[in-house]
Number of protein chains: 2
Amino acid sequence: MKKVNVVVVGATGAVGQELLKILNERNFPINNLKLCATSRSAGTSVEFQGCRYVVEETTPESFTDMDIALFAGGKASLEFGQAAVERGCVVIDNSSNYRMDPEVPLVVPEVNPEDVKWHKGIIANPNCSTIIMVVALKPIYDVAGIKRVVVSTYQAVSGAGKEGIEELTAQTKAVLEGLEHSPKKFLHPIAFNLIPHIDVFQDMDYTKEEWKMVKETQKILHDDKVRITATTVRVPVYRSHSESVNVETERKITAAQAKEILAKAPGVIVQDDIGNNVYPMPLFTSDKDEVFVGRIREDNTIDNGLNLWVVGDQIRKGAATNAVQIAELLLKYNCLMR
Amino acid sequence: MKKVNVVVVGATGAVGQELLKILNERNFPINNLKLCATSRSAGTSVEFQGCRYVVEETTPESFTDMDIALFAGGKASLEFGQAAVERGCVVIDNSSNYRMDPEVPLVVPEVNPEDVKWHKGIIANPNCSTIIMVVALKPIYDVAGIKRVVVSTYQAVSGAGKEGIEELTAQTKAVLEGLEHSPKKFLHPIAFNLIPHIDVFQDMDYTKEEWKMVKETQKILHDDKVRITATTVRVPVYRSHSESVNVETERKITAAQAKEILAKAPGVIVQDDIGNNVYPMPLFTSDKDEVFVGRIREDNTIDNGLNLWVVGDQIRKGAATNAVQIAELLLKYNCLMR
């Protein structure tokens, strides 16, 4: 198999570290690897497959002779994305910077792999909550069509990066010891609390996170007629996002049919054995690449209704795994730029 | 004001203790107070308004000469409810034993106070999640009618009593110290986890807790045409249940109208000032009697849609406060049995 040159931008953060772990696990065919980050992290070193790599500060020249750039997130792709493309390097961008750009494919490999083919240099990795939901919805969409989705999320602190994780730990300890601990990363205390506010407020008083779940899902499914309304909530869980998803399909499917369809679907594991108290829980889905679906029930308040409980590791399938899968599609479809 | 004889059954548990606190706070006109519990707790003593009361084991004779019996929960009302009624004592029962009995009113004082009047000795206090939701829904129901509700809950561990609270603390400490801690009260670990399973599984794979939210809401509103579908989830929060509530009304109301209506509604506090990051959070609604509503948004995926985020202390408004309010109605409407 052809080996390619890969640069990871933002290599020292939570998603960057996970990208390296997954490139290794999936044995991605790397020729040269380069690790980049902001000047703050440049100079540190990171191990990968037995070798130590010194992290470089990202510059336009970081992309010279590289085939694929995996951007972990943040503003880096705004600053360096075009420079990478100009040098013949395909950008897979985990930030939200280009997701809604009509010139940029937004790809979940289990859902719309073919969209990789029309890229013009940049491919966007969707929002974590969106990826997790759409992997579970697509098999149902294909069989029964989807009219409307009402989703409420239960999102882990690692969605806010390493600082989110550290804040949950420090704050929880402080509460248990009866000490004060002011929020830094989150706007309010997260230990033993819920915060119904993720990302900034936008149109109609929905948050950006809520609109992402609406608009990105429609773009990935190529179907603006799928109506979605979302409420996104931060919960004191370290890792894996959970979602309570109510689906109105175009055509009736029973809970039994939905289970069967989901059990056969790529990237999905059905955990739905209530007799044995089996259903997905975020503590047990972390470090896994699949999306877990359980509590599959018919919703008899409408003609064609289903309720699902969907859980997935938002750093893996919700970010890093999905990005590496897109890189694999670039090789499979032979659509690199160099 | 007439003073009455009150017996609290299950006085030593979380709800029982809260009942005493609220009887005191609201200055309920008590003549004689009697505290009862199972034989396990009998003999212990509890302070109330400066006096110490020895807890007695509940027997049929516990209700002789008593006017109102507040049952905190569990099976006690099955065992002793009829005995109380036969002795002329009105039972206000926080358990689910009689809630769906057509001979028993199910009352939320802000919603259906008049139902107290037709009691035949027993009045049921609804499920905590139901009370919190229906207090927020009723003002909307009155103005715009309600067709359908899709609700996902985020329920605190204190819904499972003192043992639930202790388990969250002990387990969280253990996790932070890297120690093992097997679940006892809950079926699975609750520290830094979510459990999408509250109470036993019933019809159509919904839990009893989910069906309670459906059937009790319909009974309280006297309207079986209101369609409700629920997903109930335990979260690592000590106190106050939160609910993401999607409402389809019969007639259009805007978010602004909904805010105005809710702001004027009894027992409701609107916390919805997103410019200042104000919305209800369970850490800050505990020990309060009101139901807090925020994130009030129009849902434009349907003609008449609203999304609400509703939070309330499930031991107070969700249990003890509601029960004491029912007792107050018994005096107001003069419908005791002795």
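Quantities reported herein were computed from a predicted structural model and do not represent experimental measurements. (Residues numbered from 1 in each chain as written. Chains lettered and ligands numbered in written order. Predicted model: local features only at pLDDT ≥ 70, side-chain atom pairs only at ≥ 80, totals over all residues. Heavy atoms only, no water.)

1. What to know about the environment of A:Thr64
Residues and elements named next belong to chain A. Along the chain, the position of Thr64 falls in the loop between β5 (56-57) and β6 (68-71). In this structure the C-alpha to C-alpha distance between Thr64 and Ala83, which are 19 residues apart in sequence, comes to 9.2 Å. With residues up to four places along the chain from it excluded, the contact list for Thr64 reads Lys34 and Arg87. Of the polar contacts made by the side chain of Thr64, one reaches the side chain of Glu61; its length is 2.7 Å. (Helix = DSSP H or I, 4+ residues; strand = E, 2+ residues; numbered from the N terminus. Contact = heavy atoms within 4.5 Å. Polar contact = N/O pair within 3.5 Å; in protein donor to acceptor, adjacent residues only side chain to side chain.)

2. Considering the interface of chain A and chain B
Every contact between the two is made by 58 residues of chain A and, on the other side, 59 residues of chain B. Of the roughly 5,300 Å² buried at the junction of chain A and chain B (both faces included), carbon and sulfur atoms supply 61%. Seen at the junction of chain A and chain B, the total is 8 salt bridges. Connecting chain A to chain B are 36 residue pairs in polar contact (both at pLDDT 80 or more). (Buried area = accessible area lost by both parts, 1.4 Å probe. Salt bridge = Lys/Arg side-chain N within 4 Å of Asp/Glu carboxyl O.)

3. A short note on the UniProt feature "domain: Semialdehyde dehydrogenase NAD-binding" (unreviewed entry) in chain A
Annotation from UniProt places "domain: Semialdehyde dehydrogenase NAD-binding" (unreviewed entry) at residues 5-119 of chain A. As annotated, residues 5-119 of chain A has a helix share of 20% and a strand share of 27%, and its two end C-alpha atoms lie 19 Å apart. (UniProt positions renumbered as here; feature names shortened; annotations may be inferred.)

4. Some points on helix α8 (residues 316-332) of chain B
Residue and element names in this part refer to chain B. For α8, which comprises 17 residues, the first-to-last C-alpha distance of 21 Å sits more than 12% below the rise-based estimate of 24 Å (1.5 Å per residue). Where α8 bends most, the angle comes to about 35°, and this point is Asn322. Just downstream of α8, Asn334 is the residue with a positive phi angle, here 55°. (Expected span 1.5 Å × (residues − 1). Bend = angle between axes of the 7 residues up to and from the residue.)

5. A short note on the domain arrangement of chain A
We note that the domain assignment places domain 1 (4-126 + 319-332), domain 2 (130-156 + 194-313) and domain 3 (163-191) within chain A. Using only C-alpha atoms to locate each centre, domain 1 of chain A and domain 3 of chain A end up separated by 32 Å. (Domains from an automatic or database assignment.)

6. Here we look at the pairing of strand β7 (residues 90-93) of chain A
Moving residue by residue along a regular strand, the side chains alternate between the two faces of the sheet. Residue and element names in this part refer to chain A. Of the two faces of β7, the one holding Val90 and Ile92 and the one holding Val91 and Asp93 are both buried throughout. The pairing of β6 with β7 spans 4 bridges and is classified as parallel. Paired with Ala69 across the strands is Val91, a residue of β7. Handedness of the crossover joining β6 and β7 through helix α2 (residues 76-86): right-handed. (Buried < 20%, exposed > 50% of the residue type's maximum accessible area, 1.4 Å probe, protein only. Pairing = 2+ DSSP bridges. Right-handed = clockwise from strand over helix to strand, strands pointing away.)

7. So, the packing of aromatic side chains
Aromatic ring pairs are reported here in terms of the distance separating the ring centres and the angle at which the planes meet. Scanning the model with the defined rule gives 13 aromatic pairs over all chains in all. Look at A:Phe48 and A:Tyr53: their rings are 6.4 Å apart centre to centre, the planes differ by 65°, and that puts the pair in the edge-to-face class. Relative accessible area serves as the criterion here: at 22%, A:Tyr53 is assigned to the partly exposed category. Ring geometry for B:Tyr154 versus B:Trp309: centroids 5.0 Å apart, planes at 80°, classification edge-to-face. Residue B:Tyr154 is found in strand β9 (residues 146-154), and its partner B:Trp309 is found in strand β14 (residues 305-312); the two are separated by 155 residues along the sequence. With respect to class, B:Tyr154 is no different from B:Trp309; both count as buried. (Phe/Tyr/Trp six-rings, centres within 6.5 Å; stacked < 30°, edge-to-face > 60°.)

8. Topic: the relation of the copies chain A and chain B
For the match of chain A to chain B, the screw axis carries a shift of 0.0 Å, the RMSD comes to 0.0 Å, and the turn is 180°. The symmetry that links the two subunits is that of a two-fold axis. The share of interface residues of chain A whose copies in chain B are also at the interface is 100%, consistent with both copies meeting through the same surface. (Least-squares fit on C-alpha atoms with pLDDT ≥ 70 in both.)

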